Amino acid sequence: MADQGVHDELVAAVRAALAAGGDPERAAGQQRYMKSAMPYRGFTSPQLKAALAPLMRDPGLAMESREQWESTIEALWHGATHREEWYAAIALARHRPYRGWVDSDAMPLWQSLIRVGAWWDVVDDIATHLVRDTVMSAPTVEALRMREWAADESLWVRRAAILSQIGRRDGFDTQLLVDVIEPNIDDRDFFSRKAIGWALRDRARSDPDWVRDFVGSHPDLSGLSCREALKHLGPLP
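Residues numbered from 1 in each chain as written. Predicted model: local features only at pLDDT ≥ 70, side-chain atom pairs only at ≥ 80, totals over all residues. Heavy atoms only, no water.

**Focus: the environment of Leu155**
Here's step 1: Examined against the element boundaries, Leu155 turns out to sit in helix α9 (residues 155-162).
Here's step 2: For Leu155, a relative accessible area of 15% corresponds to the buried category.
Here's step 3: Remark: the alpha-carbon pair of Leu155 and Trp119, spanning 36 residues in sequence, is separated by 9.6 Å.
Here's step 4: With residues near it in sequence (within four places) discarded, Leu155 still touches Asp187, Asp189, Phe191 and Ser192. (Helix = DSSP H or I, 4+ residues; strand = E, 2+ residues; numbered from the N terminus. Buried < 20%, exposed > 50% of the residue type's maximum accessible area, 1.4 Å probe, protein only. Contact = heavy atoms within 4.5 Å.)

In structure tokens form, the structure reads like this:
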């Protein structure tokens, strides 16, 4: 029977690889920029990808079950001492061989990571990949969940709902976009308003007329949301 617990060897290998690299000077700058209480190791994105790639490809470090995959993601996340361990957890969640596990059963895990991460770098990656792909895999049930998330007490869960169709083209649910934006229009938080604008700007790539109409029919949208939404369209007539 496959081990249902944490893949301790992978967790140890990730932490060892991260401890062996990085740049302390860059790490200090990253922490300041991200306003993070958790320190960084100081990897650039390409360096981090290069450090993690051989571990993800190693057959001896492969996940043997869905339960082990989820437990290992949680171990990396909740045991993180440096922010790159969060990024490694997301990389494991997004790793192609485990794509079949990115489904409705994983949504409580995505929400847990969002609540704990509670900042734009990790929340946006989870929302625009893991949450989006889950919504696409089960559009009916997950559209209902996104409407619930859009009214959640957590700003970051709400932001994830707003961003949950970023990059989606086929089967885009326009009504869902409306339903996750409208409950948040009066939210004065920068990250909520920015998310609304980003979601509308992304939709404008394939349906600019709809976005113009939406902005024009919602005069209570914040200036930030409007500017972001119309960034590549120009001002309304």
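Back to the write-up after that little detour.
**Re the nonpolar core**
Here's step 1: Ranked by size, the top nonpolar core spans 71 residues in total, and within it Trp110 and Leu200 carry the most contacts.
Here's step 2: Per-element tally for this core: the top contributor is helix α7 (residues 120-137), with seven residues.
Here's step 3: Here this core gathers at least three residues from each of two domains, domain 1 (1-100) and domain 2 (102-236).
Here's step 4: Ignoring sequence-local partners within four residues, the contact set of Leu200 consists of Leu177, Ile181, Trp210, Val211, Phe214, Val215, Leu221 and Ala229. (Core = buried A, V, L, I, M, F, W, Y, C linked by side-chain atoms within 4.5 Å. Domains from an automatic or database assignment.)

**Observations regarding helix α1 (residues 8-19)**
Here's step 1: With 12 residues, α1 ought to run about 16 Å at 1.5 Å a step, and its terminal C-alpha atoms sit 16 Å apart, in line with that.
Here's step 2: Every buried residue of α1 is listed here: Leu10, Val11, Val14 and Leu18. Buried residues in α1, looked at end-on, bunch into an arc of 100°, giving them a common side. Exposed and facing more than 90 degrees away from the buried side of α1 are Asp8 and Glu9. (Expected span 1.5 Å × (residues − 1). Arc of directions from axis to C-beta.)

**Quick word on the domain arrangement of the protein**
As a measure of interface size, the accessible area lost when the parts come together is often cited.
Here's step 1: When its domains are assigned, the protein resolves into domain 1 (1-100) and domain 2 (102-236).
Here's step 2: Computed from C-alpha coordinates alone, the two centres of domain 1 and domain 2 are separated by 26 Å.
Here's step 3: Facing the 20 residues of domain 1 at the interface are 19 residues of domain 2.
Here's step 4: Between domain 1 and domain 2, the buried area comes to about 1,700 Å², and carbon and sulfur atoms account for 64% of it.
Here's step 5: One can count four salt bridges joining domain 1 with domain 2.
Here's step 6: Between Arg94 and Asp125 there is a salt bridge; the shortest N-O distance is 3.1 Å.
Here's step 7: For the pair domain 1 and domain 2, the number of links is seven residue pairs in polar contact (both at pLDDT 80 or more).
Here's step 8: For the side of domain 1 that touches domain 2, the secondary structure elements donating two or more residues are α2 (24-34), α4 (66-78) and α5 (83-94). (Buried area = accessible area lost by both parts, 1.4 Å probe. Salt bridge = Lys/Arg side-chain N within 4 Å of Asp/Glu carboxyl O. Polar contact = N/O pair within 3.5 Å; in protein donor to acceptor, adjacent residues only side chain to side chain.)

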